[in-house]
Amino acid sequence: MLRTNLTHILSEQEHAKLLQENENVMVCCGRMGPMCIPVYEVMEELENEYPHVKFADMEFDIPDARVIRDLPECRNFAGLPFVVYYKNGKVVKATSSIQSRDQITSILDQYFGQEVKETATK
Amino acid sequence: MNHYDAIIIGAGAAGLTAGIYLSRAKVKTLILNEGTVGGQMVLTHEIANYPGIESISGYELARNMKLQAQKFGAVIKSNIKITSFDLKSNPKRFIVNGKDEYTSDVVIITTGGRSRTLGVPGENEFKGKGISYCATCDGDFFQDKEIIVVGGGNSALEEAVSLTKYASKVTIVHQFDHFQAFEHYVNEAKNNPKIDFIMESKIVEFIGDEKLRKVKIQNQRNGEVLEKDIDGVFIFIGYVPNTEMFEDVLELNQFKEIVVDKNMATNIEGVYAAGDSIAKRYRQVTTAVGEGTVAALSAAEYLNKFEKAEQVAEESVV
């Protein structure tokens with residue numbers, strides 16, 4: 001089990017349910033390693049700032065993590081963690097290796113930020 | 001405005017140690033950290049020479065230090081951006097994320113360092129797609145594949161040997177004709193049948209499509225360029241200090257490291273520095289912890305003098 005405060009995805013079924021129930025999802029698939037920990041930490045901090053996004057992690061070495069590992073968008077990845085951003089169940093962006101807070105927020109703003117503004121004007 | 005007795009910039013081994021000492025001494029302490037708590041410590045898979053602990057992961061040690069500092073009362077704000085600051089004012093002043101202001105009577109700088117990159121075409125593009133800076137993280141992606149390790153220090157040779165667990169062949173590319181690593185690391189690498197060497201050479205370009213396919217390696221003596229098919233490249237060429245923001249403020253040496261005295265004092269009164277951002281020879285968790293201790297004790301002594309000086313000033317007014 002990953003030692004983070006994020007929602008843990010433990011199976012393919014949980015992964016599917018998460019995508020079904022949430023419009024905007026960010027999943028970090030990794031280990032408790034040097035390149036992954038900074039990403040988890042940023043995600044934990046961003047949970048409050050992006051309430052319209054569901055943040056979750058998944059252990060890279062469990063068999064069910066194939067739902068991330070086998071994505072076409074991750075085919076050429078060779079650096080942990082694999083991070084996948086979903087909108088309405090579809091992959092909109094995937095990154096490999098360590099990412100900074102600025103890099104992550106830039107992706108969140110690009111793919112998920114617009115919806116918040118639209119909601120706010122309603 | 002939020003005023004603290006002490007502000008520590010950075011939350012690696014030195015910063016967290018200083019935070020533990022100061023907060024335990026009831027000094028109101030804020031740690032501002034631009035990255036992940038733990039710094040370079042978190043990047044270390046196993047720490048085996050920390051006295052009293054036979055073996056511990058860098059992540060665990062960092063986590064323990066963080067919890068210890070917080071338990072004594074230190075406030076830690078991580079993943080922030082210091083957008084402006086004034087170390088010469090009294091109190092010292094910091095603006096975070098362009099809006100939040102924090103002040104303090106004393107400052108300890110422990111901004112550490114970051115992995116040095118080659119800075120050649122293709123390096124950013126293929127990070128995570130063939131280029132890595134962490135053997136323990138990404139080694140298993142290169143099972144039975146051919147890889148290059150760049151560097152000639154302890155980390156490079158140690159990691160090259162460890163990567164032979166996965167790779168079919170490891171080629172060490174090093175810019176000099178000799179290694180800087182300890183002899184036992186050099187011998188271990190030279191005696192490993194899976195390891196080859198390309199000396200006096202540098203990678204000058206990474207080439208690929210959706211992932212890394214080949215590299216261009218230039219011989220430093222004759223300028224000849226060799227093109228080599230490769231699956232992965234691991235880069236271990238040392239660290240650069242995170243001191244850019246202090247360039248026009250603090251005294252730095254030719255390597256951009258902060259110059260300090262034996263008390264970890266910088267050239268500005270009330271500003272101390274410790275850890276990998278200072279000018280020193282040995283960069284270890286244990287040395288950072290020692291320097292963080294000295295910086296904290298010096299800062300506490302300065303605060304005492306500072307308070308006394310204020311009292312004297314108040315008395316003289318009366």
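Residues numbered from 1 in each chain as written. Chains lettered and ligands numbered in written order. Predicted model: local features only at pLDDT ≥ 70, side-chain atom pairs only at ≥ 80, totals over all residues. Heavy atoms only, no water.

**Student:** Describe the overall build of chain A, naming the residues involved and giving the relevant values.
**Tutor:** Looking only at helices and strands, chain A has 4 helices and 5 strands in total. Listing the helices and strands of chain A from first to last along the sequence gives β-α-β-α-β-α-β-β-α. Here the C-alpha radius of gyration of chain A, 13 Å, is about what a compact globule of 122 residues would show, namely 14 Å. Seen through its C-alpha atoms, chain A measures out along the principal axes to roughly 45 × 30 × 25 Å. (Helix = DSSP H or I, 4+ residues; strand = E, 2+ residues; numbered from the N terminus. Rg over C-alpha atoms; globule rule 2.2 N^0.38 Å.)

**Student:** Before we move on, could you go through the pairing of strand S4 (residues 82-86) of chain B and cite the residues and values that matter?
**Tutor:** Residues and elements named next belong to chain B. Looking at chain direction, S4 and strand S5 (residues 92-96) are connected through 4 bridges and run antiparallel. Across the sheet, Phe85 pairs through a bridge with Phe94, a residue of S5. Counting the residues between successive antiparallel strands, the hairpin from S4 to S5 contains 5 residues. (Pairing = 2+ DSSP bridges.)

**Student:** So what's going on with the confidence of the model for chain B? Residues and values would help.
**Tutor:** Of the residues in chain B, 96% reach a pLDDT of 70 or more, and the chain-wide mean stands at 93. With a pTM of 0.80, the predicted complex shows an ipTM of 0.82. (pLDDT = per-residue confidence, 0-100.)

**Student:** How would you sum up the side chain of A:Glu41? Please name residues and give values.
**Tutor:** Relative to the assigned elements, A:Glu41 resides in helix H2 (residues 37-49). Buried A:Glu41, no salt bridge; nearest opposite-charge side chain is B:Lys66, N-O distance 5.0 Å. A distance of 3.5 Å separates the side chain of A:Glu41 from the side chain of B:Asn79, its partner in a polar contact. Once you skip the residues sitting within four places of it in the chain, A:Glu41 turns out to touch B:Gly35, B:Thr36, B:Val37, B:Ser78 and B:Asn79. (Buried < 20%, exposed > 50% of the residue type's maximum accessible area, 1.4 Å probe, protein only. Lys, Arg positive; Asp, Glu negative; His and termini not counted. Salt bridge = Lys/Arg side-chain N within 4 Å of Asp/Glu carboxyl O. Polar contact = N/O pair within 3.5 Å; in protein donor to acceptor, adjacent residues only side chain to side chain. Contact = heavy atoms within 4.5 Å.)

**Student:** Run through the sheet that holds strand S11 (residues 195-198) of chain B, naming residues and quoting values.
**Tutor:** All names here are of chain B. In spatial order, the strands read S8-S15-S9-S10-S11; together these 5 strands make up an open sheet with parallel pairing. Where the open sheet ends on each side, the last strands, each with one partner, are strand S8 (131-132) and S11. On top of the sheet, helix H4 (residues 154-163) reaches strand S9 (146-150), strand S10 (169-173), S11 and strand S15 (232-235); it is set at about 165 degrees to S9, its chief contact. (Axes fitted to C-alpha atoms, helices over the stretch in contact; angles between N-to-C directions.)

**Student:** Can you explain unusual backbone geometry? Please cite residues and give values.
**Tutor:** Of note, the bond from A:Leu80 into A:Pro81 is cis; its omega dihedral lies within 30 degrees of zero at -5 degrees. A cis amide bond links B:Asn90 with the next residue in sequence, B:Pro91, at an omega value of 0 degrees. Inspection of the secondary structure assignment puts B:Pro91 in the loop between S4 and S5. Phi is positive for A:Ser97, which is not a glycine, with a value near 75 degrees. Here A:Ser97 lies in the loop between strand S5 (90-96) and helix H4 (101-121). With a relative accessible area of 4%, A:Ser97 lands in the buried category. Not every positive phi belongs to a glycine, and B:Asp144 is a case in point at roughly 60 degrees. Position of B:Asp144 relative to the elements: it lies in the loop between helix H3 (135-138) and S9.

**Student:** Account for the pairing of S9(B), with residues named and values stated.
**Tutor:** All names here are of chain B. Burial runs high along S9: 4 of the 5 residues are buried. Here 5 bridges tie S9 to S10, and the two strands are oriented parallel to one another. Its bridge partner lying in S10, Val149 is registered against Ile172. With H4 bridging S9 and its parallel neighbour S10, the resulting β-α-β unit is right-handed. Here S9 pairs with S15 via 4 bridges, running parallel. Counterpart to Ile148 in the pairing with S15 is Val233. (Right-handed = clockwise from strand over helix to strand, strands pointing away.)

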